[in-house]
Amino acid sequence: MTDTVWMLVLGLVGLVTLLVLRRRVPVAFWWLVGYPFVAVRVLATYRATMDACGLTVPASAMRRATARMIGREAAPVPPRRSFPVPTGSGLVMRLRMATGQAPEDFIASADRLRHAWAAHAVHIRPTKPGWLELRLIGWDVLADVRPARRLRHSGGLLSLPLALRDDGRWHVRDFRAVPHELILGATQSGKSVYLRNLLCGLARQPVVLVGIDCKWGVELAPFAPRLSALADTPDRANELLDVLLDEMEARFRLIGLSSVIGPDTVLTSDVWGLPEKVRPVPVVVVVDEVAELFLAASRDDEKRRDAMVTKLIRIAQLGRAAGIYLEVCGQRFGSELGKGATMLRAQLTGRICHRVNDESSANMALADISPEAALAATAIPAERPGVAIVGDSSGGWSRARSPHLTLDEAAAVCRATSALVPELPRLDAFRPAVAVEPADVASSATGVPMARPVTE
């Protein structure tokens with residue numbers, strides 16, 4: 001009797017431990033319990049599932065002839081597969097498509113495969129001609145997003161993992177691949193959290209950070225210790241854009257001069273081809289609440305607005321080669337912002353759309369990439385702050401969520417990295433004033449905080 005009681009107690013303790021592990025550490029639960037069960041289910045039902053989803057092809061003539069010789073009927077042949085390899089959020093298999101099959105056939109059946117294998121999601125993408133990658137997700141990875149530890153320092157200059165996608169991969173913001181980006185989102189949608197992660201990641205790198213915040217600097221002022229310039233009114237923003245255009249022109253002159261130094265000089269069309277000792281430091285310009293920047297109450301305001309739009313378009317068109325990149329943020333972005341707004345949007349090839357208040361903003365951000373992406377942006381629930389639709393000019397899009405980062409933690413990172421502010425004399429007149437804190441307060445804020453997962 002005693003042995004039976006002890007076995008029941010141990011079984012109950014083990015069950016409670018697994019439930020706690022599944023809730024608190026889903027990755028460990030997946031490796032210990034989830035992956036073995038799901039892998040066995042996939043292997044045992046693979047042929048039948050593919051046949052039920054219409055993803056098989058008739059057997060070859062040789063197989064049919066062999067089957068007739070032994071008095072059997074040749075079964076349909078599913079795509080060849082690799083062994084299910086576990087990942088941190090599910091498993092992945094490589095599929096070899098049969099003759100006559102197309103990736104669209106498998107993508108259309110992804111939801112049926114998800115139900116057949118009792119998975120949270122199934123993502124399929126072509127890797128090379130004739131081959132697909134099937135990625136099965138074991139649980140809702142966007143429910144609790146933590147900072148990327150292994151990817152934080154491996155991306156290199158101007159490459160940052162900012163948001164976890166629903167397929168288990170990280171959305172990496174690479175400025176050299178996608179130089180300019182548009183970030184949209186309503187109040188309490190998670191747009192500011194995404195921007196904090198971006199600024200904190202750039203603050204740890206040798207990059208010039210320039211802020212334009214026409215709400216008197218309330219959004220970007222906490223990051224002032226790491227900013228090289230901050231404009232908090234439309235007039236100051238107009239002047240700052242003039243300085244940035246002068247800096248861009250000087251960099252193009254430097255690129256042009258480098259090509260006539262000597263016959264052995266390597267020709268280049270951007271700053272990244274210059275020798276490292278003369279290469280200008282990259283500049284990232286963050287324009288927060290772009291609608292506030294372009295508000296116009298008089299004819300003079302309209303002239304200033306049109307001039308600023310034109311300057312931003314010039315930076316967006318030519319800034320990549322000069323190492324000057326744009327991050328344009330706002331609650332709304334539409335043609336009512338003035339002449340050239342649509343042209344400016346076309347230059348912002350990176351798109352991040354959080355929950356928005358109107359369908360036209362979602363269409364402005366994503367409709368030119370994919371109508372399905374704009375529809376998905378309008379379906380983001382209000383109780384999931386931080387969830388966004390990530391798209392690019394290639395037409396691909398996915399859901400993603402940034403790790404939660406408070407304003408105090410982000411400001412502490414900028415204070416701790418204030419010594420990394422590069423020298424750029426043209427921006428000295430726009431350098432924000434930073435209050436000097438007492439020694440005991442400053443010493444307690446030097447440590448870089450860890451971001452917490454989204455729980456609200």
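Residues numbered from 1 in each chain as written. Predicted model: local features only at pLDDT ≥ 70, side-chain atom pairs only at ≥ 80, totals over all residues. Heavy atoms only, no water.

**Thoughts on the sheet that holds strand E15 (residues 397–401)**
Here is step 1 of the chain: What the ten strands build is an open sheet, ordered E7-E6-E15-E14-E13-E8-E12-E11-E9-E10; its pairing is mixed. In the strand order of this sheet, the two ends are held by strand E7 (170–174) and strand E10 (229–231), each with one partner. Recorded for the sheet is a direction-independent mean angle of 25° between the axes of neighbouring strands.
Here is step 2 of the chain: Pairing of strand E6 (residues 159–165) with E7 involves five bridges; the strand directions are antiparallel. (Pairing = 2+ DSSP bridges. Helix = DSSP H or I, 4+ residues; strand = E, 2+ residues; numbered from the N terminus. Axes fitted to C-alpha atoms, helices over the stretch in contact; angles between N-to-C directions.)

**Focus: the side chain of aspartate 167**
Here is step 1 of the chain: Relative to the assigned elements, aspartate 167 resides in the loop between E6 and E7.
Here is step 2 of the chain: Reaching out from aspartate 167, the side chain makes a polar contact with the side chain of arginine 165 at a distance of 3.0 Å.
Here is step 3 of the chain: When neighbours within four sequence positions are excluded, aspartate 167 is seen to be in contact with Ser89, His123, Arg135 and Ile137. (Polar contact = N/O pair within 3.5 Å; in protein donor to acceptor, adjacent residues only side chain to side chain. Contact = heavy atoms within 4.5 Å.)

**Comments concerning the packing of aromatic side chains**
Geometrically, a pair of aromatic rings is defined through the distance of the ring centres and the angle of the planes.
Here is step 1 of the chain: Enumeration according to the criterion identifies three aromatic pairs in this entry.
Here is step 2 of the chain: Look at tryptophan 30 and tryptophan 139: their rings are 6.3 Å apart centre to centre, the planes differ by 50°, and that puts the pair in the tilted class. Taken together, the positions of tryptophan 30 in helix H2 (residues 26–52) and tryptophan 139 in the loop between strand E5 (131–137) and E6 put the pair 109 residues apart, joining distant regions of the chain. Taken as a pair, tryptophan 30 and tryptophan 139 share a single burial class, namely buried.
Here is step 3 of the chain: Taken together, Trp30, Tyr35 and Trp139 form an aromatic cluster joined through their ring pairs. (Phe/Tyr/Trp six-rings, centres within 6.5 Å; stacked < 30°, edge-to-face > 60°. Buried < 20%, exposed > 50% of the residue type's maximum accessible area, 1.4 Å probe, protein only.)

**Observations concerning helix H11 (residues 359–366)**
Here is step 1 of the chain: Within H11 the residues assigned to the buried category are Ser361, Ala362, Met364, Ala365 and Leu366. Down the axis of H11, the buried set is contained in an arc of 170°. They therefore lie on one face.
Here is step 2 of the chain: Along its buried surface, H11 packs onto strand E8 (181–184), helix H10 (341–347), strand E13 (350–353), helix H12 (371–378) and strand E14 (387–391). (Arc of directions from axis to C-beta.)

**Observations regarding unusual backbone geometry**
Here is step 1 of the chain: A positive phi angle, close to 65°, is found at leucine 158, a residue other than glycine.
Here is step 2 of the chain: Along the chain, the position of leucine 158 falls in the loop between E5 and E6.
Here is step 3 of the chain: The phi dihedral of tryptophan 216 is positive, around 55°, even though this residue is not glycine.
Here is step 4 of the chain: Counting through the fold element by element, tryptophan 216 comes out in the loop between strand E9 (208–213) and E10.

**Examining the environment of proline 282**
Here is step 1 of the chain: Examined against the element boundaries, proline 282 turns out to sit in the loop between helix H7 (234–258) and strand E11 (283–288).
Here is step 2 of the chain: Residue classification places proline 282 among the buried positions, given a relative accessible area of 5%.
Here is step 3 of the chain: Here proline 282 is in contact with Leu157, Leu158, Pro206, Val207, Val208, Arg251, Trp272, Gly323 and Tyr325, once residues within four sequence places are set aside.

**Structural notes on the pattern of salt bridges**
Here is step 1 of the chain: Taken as a whole, this structure holds 22 salt bridges when the rule is applied.
Here is step 2 of the chain: Between arginine 169 and glutamate 133 there is a salt bridge, and its shortest N-O distance comes to 2.3 Å. Taken as a pair, arginine 169 in the loop between E6 and E7 and glutamate 133 in strand E5 lie far apart in primary sequence, 36 residues in all.
Here is step 3 of the chain: On the basis of relative accessibility, which here comes to 12%, the residue glutamate 133 falls in the buried class.
Here is step 4 of the chain: Measuring nitrogen to oxygen at the nearest pair gives 3.3 Å for the salt bridge that ties aspartate 144 to arginine 146.
Here is step 5 of the chain: Residue classification places aspartate 144 among the partly exposed residues on the basis of a relative accessible area of 34%.
Here is step 6 of the chain: Salt bridges sharing common partners tie together Arg125, Glu133, Arg135, Arg165, Asp167 and Arg169. (Salt bridge = Lys/Arg side-chain N within 4 Å of Asp/Glu carboxyl O.)

**So, the confidence of the model for the protein chain**
Here is step 1 of the chain: Per-chain confidence: the protein chain averages 85 in pLDDT, with 88% of residues scoring 70 or above.
Here is step 2 of the chain: Here residues 438–456 is modelled with pLDDT under 50, and outside its nearest four sequence neighbours on either side it reaches 33 contacts, counting other chains as well. (pLDDT = per-residue confidence, 0-100.)

**Regarding the side chain of asparagine 238**
Here is step 1 of the chain: Examined against the element boundaries, asparagine 238 turns out to sit in helix H7.
Here is step 2 of the chain: Excluding residues that lie within four positions of it along the chain, asparagine 238 makes contacts with Arg304, Met308 and Lys311.

**Points about the packing of H7 against helix H9 (residues 299–322)**
Here is step 1 of the chain: As a packed pair, H7 and H9 sit with axes 10 Å apart at the nearest point and diverge in direction by 30°. With respect to H9, the element H7 is oriented roughly parallel. Both H7 and H9 take part in a crossing whose hand is left-handed. Contact residues: Pro234, Asp235, Ala237, Asn238, Leu241, Asp242, Leu244, Leu245, Met248, Arg251, Phe252 and Ile255 in H7; Arg304, Met308, Lys311, Leu312, Arg314, Ile315, Leu318, Gly319, Ala321 and Ala322 in H9.
Here is step 2 of the chain: Its residues assigned to classes, the contact of H7 with H9 shows 14 nonpolar, two polar and six charged. (Parallel < 35°, antiparallel > 145°, perpendicular 65-115°, else oblique. Left-handed = near helix turned anticlockwise from the far one by under 90°. Nonpolar A, V, L, I, M, F, W, Y, C, P; charged D, E, K, R; others polar.)

**Focus: the state of the cysteines**
Here is step 1 of the chain: Taken as a whole and assessed by the stated rule, the structure comprises zero disulfides.
Here is step 2 of the chain: Counting only cysteine sulfurs, cysteine 414 is the nearest neighbor of cysteine 200, a cysteine outside any disulfide, at a range of 5.2 Å. (Disulfide = S-S within 2.5 Å.)

**Overview of the UniProt feature "transmembrane region" (unreviewed entry) in the protein chain**
Here is step 1 of the chain: The feature "transmembrane region" (unreviewed entry), as given by UniProt, occupies residues 6–21 and 28–46 in the numbering adopted here.
Here is step 2 of the chain: Secondary structure across residues 28–46 comprises 100% helix and 0% strand; the distance between its end C-alpha atoms is 26 Å. (UniProt positions renumbered as here; feature names shortened; annotations may be inferred.)

**Focus: the pairing of E13**
Here is step 1 of the chain: The alternating pattern of E13 places Gly350 and Ile352 and Arg351 and Cys353 on opposite faces, both of which are buried.
Here is step 2 of the chain: Relative to E13, E8 is paired through four bridges, and the arrangement is parallel. Residue pairing for E13: leucine 182 is matched across the bridge by arginine 351.
Here is step 3 of the chain: In this sheet, E14 lies alongside E13 in antiparallel orientation, the contact comprising three bridges. The residue of E14 that forms the bridge with arginine 351 is glycine 391.

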